[in-house]
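Architecture and fold: a report
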Protein chains: 2
Amino acid sequence: MKMFNKVVIIGTGLIGGSLGLALKKQHLAGRVIGFSRQQKNARLAKRAGAIDEIGVSLDAVVDADLVVLATPIDTIIDFALKIEKKIKKSCIVIDVGSSKENIVSRLSTAIPGFIGCHPLAGSEKKGAANIKPDLFKGSLCVLTPVKQTDKHSLHKIKLLWKKMGAKVIVCTPLKHDQILAFTSHLPHAVAFSLMGAVPVEFLHISSGGLNDSTRISASDANLWSQIFLSNRKHLLPAISSFQKKLIELKLALDKKDKAVLTKILESAKKKREKLG
Amino acid sequence: MKMFNKVVIIGTGLIGGSLGLALKKQHLAGRVIGFSRQQKNARLAKRAGAIDEIGVSLDAVVDADLVVLATPIDTIIDFALKIEKKIKKSCIVIDVGSSKENIVSRLSTAIPGFIGCHPLAGSEKKGAANIKPDLFKGSLCVLTPVKQTDKHSLHKIKLLWKKMGAKVIVCTPLKHDQILAFTSHLPHAVAFSLMGAVPVEFLHISSGGLNDSTRISASDANLWSQIFLSNRKHLLPAISSFQKKLIELKLALDKKDKAVLTKILESAKKKREKLG
């Protein structure tokens, strides 16, 4: 069943492209127009069947029913402000940015049908070459409505993500950013730093532990510096919390205090087991 | 082809048990006797076919051709000194501990046929319940001979690990401990601290990034506090190196210096790509 006649996706990378492909495969969208800064990405998305057409001008949004802002986080607000005056009143606009406070506070007043979304389905493998229709299956998608959010639009976007196979969680932009600072941005900052610390000539003697714990440090550097900066306010204290934990461990090690050391590890292990 | 008539495995957990099972399956050992602090582990190992018999007294080593010390690292030297006087002159003794300097310097003089080994095939899933015959297939095994190491024994143990499917790397105990401090012990210390820092009430909004980067924090707390302490000398400076890298990243973030931040991430990403 069609949910939207015309969908415009700005940014046909991994997230935008996979969303387009799933919309097409499930016949949820009539026509999908895609934009990309890199023509190569747009062409790949079209070849994958994620979009029907490569957009020529942003005027394509004029009669769109859904606009998806899936560009790197630095440019989301700029694109939103570019289309703001062009879209029809009933148009729903979503973004898929990894931090929400700034974006939602700027756009929820400017665009009546705006819904902030964060599908937790990114990967170190970015770009249209990695598009897949089931990217969101079994993943989480956080929606961050505010007081002025249109209830009807929110309902429709909840349904959209459910049809993508995602589990929808609703929370405030502030809560989202506080949580993601710890559960996504901090692990990335730690993984990049860990990889930075290991001497390159030591890499030949390593195993699954280093491999797994640094997988996300293969993520795009430019994208992630944008994400870190976009959630700087919450990421800085999250890094400080982590530093304190590491100092506790280091101190116990330095003092050869096996009881305290084991207690620290045991408590982390118990929490890890809750993660499943 | 049989390599050893009688093998005694002290510690029939994941590593010791899997070694026993592979020895039996490949008909490399005549009889395998297993010891475990926990009778349950010994029984599980016997049921899995990893050992022929549960040992009653350490006198079982008297006519052994190979003794495998696969207990937690704290107890390896104690067991070695207990069997030292009992074994025959031609008996080869190996350990599988995660740090080597201390063990090798204590045992290479005491036991002529001693070869320090570190198969990098541990897992957060420890114990006899996780024994498998192909645990070492495709993994690395580091051997750390010293000046007084018997060449014939070294050759035989190299062959043994190759038959297990492992790639054998030879280096000094010192080099081993310096490298593993960075490529194994540091990632574990970081993962435990990261898990410690994430508030438990935030865990419901997370994805693959946190999952992968903290997998190893589900490892056994007691085993890992022993490993950390056993390589304290090299782990402490490795933690300091990591702390410096994290501070650089935090400073760039604090100063909103996108160029420096991106450069830090890019350099880590490039190194990660070398890891494969």
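What counts as what
- Residues numbered from 1 in each chain as written.
- Chains lettered and ligands numbered in written order.
- Predicted model: local features only at pLDDT ≥ 70, side-chain atom pairs only at ≥ 80, totals over all residues.
- Heavy atoms only, no water.
- Helix = DSSP H or I, 4+ residues; strand = E, 2+ residues; numbered from the N terminus.
- Buried < 20%, exposed > 50% of the residue type's maximum accessible area, 1.4 Å probe, protein only.
- Contact = heavy atoms within 4.5 Å.
- Areas by Shrake-Rupley, 256 points an atom, 1.4 Å probe, with all protein chains shown as cover.
- Lys, Arg positive; Asp, Glu negative; His and termini not counted.
- Charge placed at Lys NZ, Arg CZ, Asp CG, Glu CD.
- Domains from an automatic or database assignment.
- Buried area = accessible area lost by both parts, 1.4 Å probe.
- Salt bridge = Lys/Arg side-chain N within 4 Å of Asp/Glu carboxyl O.
- Least-squares fit on C-alpha atoms with pLDDT ≥ 70 in both.
- Axes fitted to C-alpha atoms, helices over the stretch in contact; angles between N-to-C directions.
- Parallel < 35°, antiparallel > 145°, perpendicular 65-115°, else oblique.
- Left-handed = near helix turned anticlockwise from the far one by under 90°.
- Nonpolar A, V, L, I, M, F, W, Y, C, P; charged D, E, K, R; others polar.
- 1 Å grid on protein atoms, 1.4 Å probe; cavity = no way out; pocket = protein on both sides within 12 Å on 5 of 7 lines; lining within 4 Å.
- Points joined across faces, edges and corners; volume = space filled by probe spheres on them.

1. Comments concerning the overall build of chain A
For chain A, the helix and strand inventory stands at 10 helices and 8 strands. Projected onto its principal axes, the C-alpha coordinates of chain A cover approximately 70 × 45 × 30 Å. When the 276 residues of chain A are sorted by exposure, 59% land in the buried category. Within chain A, residue pairs in contact and separated by at least 24 positions form 71% of the contacts whose partners lie at least 6 positions apart. When the accessible surface of chain A is summed, it comes to about 11300 Å², and 53% of that surface belongs to carbon and sulfur atoms. One finds the centroid of the 44 positive side-chain charges in chain A at a distance of 4 Å from the centroid of its 22 negative side-chain charges.

2. A short note on the domain arrangement of chain A
Residue and element names in this part refer to chain A. Taken domain by domain, chain A consists of domain 1 (4–171) and domain 2 (175–275). A straight line from the C-alpha centre of domain 1 to that of domain 2 covers 30 Å. Facing 14 residues of domain 1, the contacting portion of domain 2 comprises 16 residues. For the pair domain 1 and domain 2, the summed buried area comes to about 1300 Å², and 59% of that belongs to carbon and sulfur atoms. A per-residue breakdown of the area domain 1 buries against domain 2 is headed by Ser-98, Glu-101 and Glu-124, which together make up 39% of the total. Here domain 1 is connected to domain 2 by 1 salt bridge. For Lys-233, the salt bridge goes to Glu-101, with nearest N and O atoms at 3.4 Å.

3. Some thoughts on the relation of the copies chain A and chain B
For the pair chain A and chain B, the relating rotation is 180°, the translation along its axis is 0.0 Å, and the fit reaches an RMSD of 0.0 Å. Between the two chains, the operation in question is that of a two-fold axis. In terms of proximity to the rotation axis, the leading residue of chain A is Ser-213 of chain A, whose C-alpha is 1.8 Å off the axis. Most of the interface of chain A is mirrored in chain B, where 100% of its interface residues are also at the interface.

4. Some remarks on the packing of helix α9 (residues 232–254) of chain A against helix α10 (residues 258–275) of chain A
Residue and element names in this part refer to chain A. As a packed pair, α9 and α10 sit with axes 8 Å apart at the nearest point and diverge in direction by 150°. Overall, the two elements α9 and α10 adopt an arrangement that is roughly antiparallel. Judged by the sense of rotation from one axis to the other, the crossing of α9 with α10 is left-handed. Of the residues in α10, those touching α9 at Glu-248, Leu-249, Ala-252 and Leu-253 are Val-260, Leu-261, Ile-264 and Leu-265. Partitioned by chemical class, the residues of the contact of α9 with α10 number 7 nonpolar, no polar and 1 charged.

5. Side note on empty space enclosed by the protein
Applying the stated criterion across every chain, the model contains 1 cavity of 30 Å³ or more. When its volume is computed, the largest cavity comes out at roughly 40 Å³. Lining the largest cavity are Pro-187, Val-190, Ala-191, Leu-194 and Ser-213 of chain A together with Pro-187, Val-190, Ala-191, Leu-194 and Ser-213 of chain B. Elements with a minimum of two residues in the lining of the largest cavity: α6 (173–197) of chain A together with α6 (173–197) of chain B. Grouping the constituent residues of the lining of the largest cavity by class yields 8 nonpolar, 2 polar and no charged.

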